[in-house]
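Fold and geometry: a report
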Amino acid sequence: MEQKVADFIRAERLFAGDKRILLAVSGGADSKALLHIMTSLKTRGVMPAEICCAHINHRLRGAESQRDQEFVVGQCRKLKLPVFTKEIDVRQYAREQKLSIETAARKLRIDALIEIAQQQNCTCIATAHQQNDNAETIVQRLTRGTGLSGLCGIWPVKEFRDIRFIRPLLCASRDEILRYLQAESFQWCTDRTNEDCSYRRNFIRHKLLPFLHKDCADNLIERLTQLSESSRGFYRLISKAAEEIWPDVVTIEGTRVNLNLPPFNTQHPEVKVEIIRRILTCFDAGQQDFTEQHYQNLIKLPDCEKLQLPGNIGAHRQGSTIIFCRPSKSEYGAELTLTKQLSIPGRTEFAGNIIEAEVCDYNEAKFSEFRKNKNNSVEWLDFDKLKLPLEVRFRKTGDRFWPLGLRAEKKIGKFLTDEKIPQKNRRKLLVIEDTEKIIWLCPVRISEQTKITGNTRKVLQLEVSSQAG
């Protein structure tokens, strides 16, 4: 089992230079397996990052919830791992926000884990999702209506608010995990609410999936795992197509995003959905709040019609353009800023791009090798010349920076004209800046002010890639 997980971690590149990770440990069978497998891989040198643990007490089962918390704390102390606990009031939050217990628990749990991770300087959170969880997720999405992205199931890596969530056990089934625990004589906690089929997820787990499995010639969990894997492969192709057409269909103007309908309408339906999804990520909108119906309503939006979307996002059509924006702060308490802070070190998702940041000591030989094999998606910057935090955004009118190799600042528009960069390509450029200056017009040129010199001691490596791979 441990070797299987190690192979999966390597194949999916779950760790991106992470120095410290947070394990989400509930005390149940899956999280107990995660705790011991990751500890073993750390000991074997497979996983170099430091480990700390978090337990979120949902306060839904009284004394049992407290028992689980004490169990997790005790197990972590035996393994000499730091553990952090947080209590959340799921019932009160569900009442106030008019949410189901499941939805409220999920939101509060993610919020609490991200808060702990940020406090402990963790760049990623490992959760114990496995193949059965993935199968249940796919079936649940099918019952409410979903598209291709829903069939992808649970991704091995997913980002929430600048923190990467990784799922190292996604290669294993629930039965495999139980056999591993029993073979090692490990104990775990049992949550009696997991048997309550009034919860939709439990109904799918205990009633619907076993019923469907009876008429399945093979293992249904394996079938659904294969479906999610093939859907992810197709989704990557869709993402690549969306990336190529993006400059022709999307423009950013201040605090709004414009969707140009004539070229948009010629695209495959799945490419249309992906373009809209990427627009929504510009607003940092939670994807779980959007259903297939939201996307279809946007695609078919009549002229002069308006839509109010989850996350306080408004969309209205004017002729051949759909305009996405978020109402002013004074009116709704939320203001759109099409920027995102980079996780350093770590991984950041922005408008279909993945930006990986790593800080390391300067080495002249490595820098010479880097320059020799350099490509435009990776840059080295003098870390001590940066004024953190760093942010990524699109270009805006009037942007100026000091391009590497020039003697002074220049307007970006003039610089791009001098460099003969086509208009189509200009709309794809990203601006990465610190609190004082633009440090990289990606992927064209870095700033003269942040270049590597003989006095450089620490290097920030930035690598930008598309989600399409």
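The structure reproduced in this document is the subject of the present report. These figures come from a predicted structure and were not determined experimentally.

**Brief notes about the nonpolar core**
- If you look at the biggest cluster of nonpolar residues, it comprises 52 residues, and the most contacted ones within it are Leu-259, Ile-275, Ile-279, Phe-324 and Leu-462.
- Per-element accounting of this core gives the leading share, seven residues, to helix α12 (residues 269–282).
- Counting 39 residues, the second-largest nonpolar core is a separate cluster that includes Val-5, Leu-34, Ile-37 and Ala-126.

**With respect to the side chain of Lys-437**
- With respect to the helices, strands and loops of the structure, Lys-437 is situated in the loop between β19 (430–433) and β20 (438–442).
- Taking relative accessible area as the criterion, Lys-437 reaches 14% and is therefore assigned buried.
- Looking at Lys-437, its side chain comes within polar contact range of the main-chain oxygen of Lys-385, at 3.2 Å.
- Side-chain polar atoms of Lys-437 contact the side chain of Asp-434, separated by 2.6 Å.
- If we skip the residues at most four places from it in the chain, Lys-437 touches Lys-385, Lys-387, Gln-449 and Thr-450.

**Some remarks on the side chain of Arg-174**
- Residue placement: Arg-174 occurs in helix α8 (residues 174–183).
- A distance of 3.4 Å separates a polar atom in the side chain of Arg-174 from a polar atom in the side chain of Glu-136.
- With sequence-adjacent residues up to four places away left out, Arg-174 is seen in contact with Gln-130, Asn-132, Asp-133, Glu-136 and Arg-205.

**So, the sheet that holds strand β12 (residues 339–341)**
- Ordered by their spatial adjacency, five strands build an open sheet running β12-β16-β19-β20-β21, and the pairing between neighbours is antiparallel. Here the strands that pair on one side only, and so sit at the sheet edges, are β12 and β21 (445–446).
- Of the strand pairs in this sheet, β20 and β21 are connected by two bridges, and their pairing is antiparallel. Along β21, the bridge assignment pairs Trp-440 with Ile-446.

**Concerning the packing of α12 against helix α13 (residues 292–299)**
- As a packed pair, α12 and α13 sit with axes 10 Å apart at the nearest point and diverge in direction by 100 degrees. Between α12 and α13, the angle is such that the two are roughly perpendicular. Of the residues in α13, those touching α12 at Lys-272, Val-273, Ile-276, Arg-277 and Leu-280 are Glu-292, Tyr-295, Gln-296, Leu-298 and Ile-299.
- Split into classes, the residues belonging to the contact of α12 with α13 amount to six nonpolar, one polar and three charged.

About the cut-offs
Residues numbered from 1 in each chain as written. Predicted model: local features only at pLDDT ≥ 70, side-chain atom pairs only at ≥ 80, totals over all residues. Heavy atoms only, no water. Core = buried A, V, L, I, M, F, W, Y, C linked by side-chain atoms within 4.5 Å. Buried < 20%, exposed > 50% of the residue type's maximum accessible area, 1.4 Å probe, protein only. Helix = DSSP H or I, 4+ residues; strand = E, 2+ residues; numbered from the N terminus. Polar contact = N/O pair within 3.5 Å; in protein donor to acceptor, adjacent residues only side chain to side chain. Contact = heavy atoms within 4.5 Å. Pairing = 2+ DSSP bridges. Axes fitted to C-alpha atoms, helices over the stretch in contact; angles between N-to-C directions. Parallel < 35°, antiparallel > 145°, perpendicular 65-115°, else oblique. Nonpolar A, V, L, I, M, F, W, Y, C, P; charged D, E, K, R; others polar.

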